[in-house]
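# Close look at the chain arrangement
Here is what each chain is made of, one letter per residue.
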Number of protein chains: 2
Amino acid sequence: MKTNTQLKQILQSEGFRYTPQRQMVWNELRKMGGHHDCEEIYDELKSKGTRVSRATVYRTIDVLARNGMVRKLEVGDGIARYEAKEDEDHHDHMICLDTGDIIEFYDEELERLQEKIVEKHGYTLVKHVHQLFVKKK
Amino acid sequence: MKTNTQLKQILQSEGFRYTPQRQMVWNELRKMGGHHDCEEIYDELKSKGTRVSRATVYRTIDVLARNGMVRKLEVGDGIARYEAKEDEDHHDHMICLDTGDIIEFYDEELERLQEKIVEKHGYTLVKHVHQLFVKKK
DNA sequence: TTCTTTATTGAGAATGAGTCTCATAAGAGT
DNA sequence: ACTCTTATGAGACTCATTCTCAATAAAGAA
């Protein structure tokens, strides 16, 4: 689990400042768990009487995403969702078209296969987006 | 290759009308080839002096996508791109972060593996989004 | 601690892809 | 050609996200 001290180190090592707003957004997203959009994070913080602006939530989430603290998830409805990357638990997502549920999955073989395909084309894999849209059986 | 007659059949079988605007958008996207956003399609048609509105391009692309004539591609920059689905040539995309190039790929094993993973979780695969973001070696 | 420099914040305006409205036009069946 | 209904055009509108800019506050220096 990433501590606030780690947040501080990561931010400062990249020349960013360690501000209360950034701590709040980061901790809130971690506390909420799962996948949330900026509006949800903003509302949650607001409901707790926290003094933070919408713009700052968007900006902070962006900073966190750029530094690998947070992962961006676009499901196709025009609203970006984010999840805190606690440890190195890489996974992809299954989105249930019936319920909207987001299920995480990971498959070693799949990961290897992707690397192989990219290499075959003469490239290096930087990141990937893999979403399986499913329905209950 | 899908003919205009096929476009007519597909549209009408779903209760949609076979209009000149729909033909134009469909043929333009096919002629352009590759992946394009609605604005590009609109501009292209406009530059040829065609009388079509922006709204109609968006509406038509949506109708075509709903009927499997066109495939939507979201690369994460907030602009939806589309490609004509000529035949049954399913493929996924590699996006080069250096050049912005979009390369198509297909891997049989990958397809099977996805099905397997979904089944394992008790779901049925409806569709998937699989994008590999790469850099030149 | 105080000073300086410079990034960050808040509030609201601005942006822009995509959608909606509604009066008019035009497919398609009869 | 007639009728019913869907499609279109033009522009207004949405709404997530970004930008502006004056005020604020990190963080290092003195």
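For the structure itself, consult the block above.
Described in the following lines is the structure provided in the data block. Everything quoted here is computed from the prediction, not taken from an experiment.

### Let's talk about the interface of chain A and chain B
Contact residues are listed per partner, giving 35 residues for chain A and 35 residues for chain B. Here chain A and chain B share an interface that buries about 3200 Å² over both sides, 65% of which is from carbon and sulfur atoms. On the chain A side of the contact with chain B, Tyr123, Phe133 and Lys137 of chain A bury the most area, a combined 19% of that side's loss. Linking chain A to chain B there are two salt bridges. Between lysine 137 of chain A and glutamate 119 of chain B there is a salt bridge, and its shortest N-O distance comes to 2.5 Å. If you look at where chain A meets chain B, you find 14 residue pairs in polar contact (both at pLDDT 80 or more).

### Details of the sheet that holds strand β2 (residues 70-74) of chain B
Residues and elements named next belong to chain B. Strand order in this open sheet of three strands is β1-β3-β2, and the pairing throughout is antiparallel. The sheet is open, and its two borders are formed by β1 (36-37) and β2, each paired with just one other strand. Pairing of β1 with strand β3 (residues 80-84), which is carried by two bridges, proceeds in the antiparallel orientation. Counterpart to aspartate 37 in the pairing with β3 is arginine 81. Contacting β1, β2 and β3, helix α2 (residues 20-32) crosses the sheet at an angle of about 85° to β3.

### Topic: the sheet that holds strand β1 (residues 36-37) of chain A
Residues and elements named next belong to chain A. Strand order across the open sheet formed by three strands is β1-β3-β2, with antiparallel pairing between neighbours. Only two strands of the sheet have a single partner each, and these edge strands are β1 and β2 (70-74). Of the pairings in the sheet, the one linking β2 to strand β3 (residues 80-84) comprises five bridges and is antiparallel in character. The residue of β3 that forms the bridge with glutamate 74 is alanine 80.

Rules of the game
- Residues numbered from 1 in each chain as written.
- Chains lettered and ligands numbered in written order.
- Predicted model: local features only at pLDDT ≥ 70, side-chain atom pairs only at ≥ 80, totals over all residues.
- Heavy atoms only, no water.
- Contact = heavy atoms within 4.5 Å.
- Buried area = accessible area lost by both parts, 1.4 Å probe.
- Salt bridge = Lys/Arg side-chain N within 4 Å of Asp/Glu carboxyl O.
- Polar contact = N/O pair within 3.5 Å; in protein donor to acceptor, adjacent residues only side chain to side chain.
- Pairing = 2+ DSSP bridges.
- Helix = DSSP H or I, 4+ residues; strand = E, 2+ residues; numbered from the N terminus.
- Axes fitted to C-alpha atoms, helices over the stretch in contact; angles between N-to-C directions.

Any functional reading would require information beyond the geometric quantities listed.
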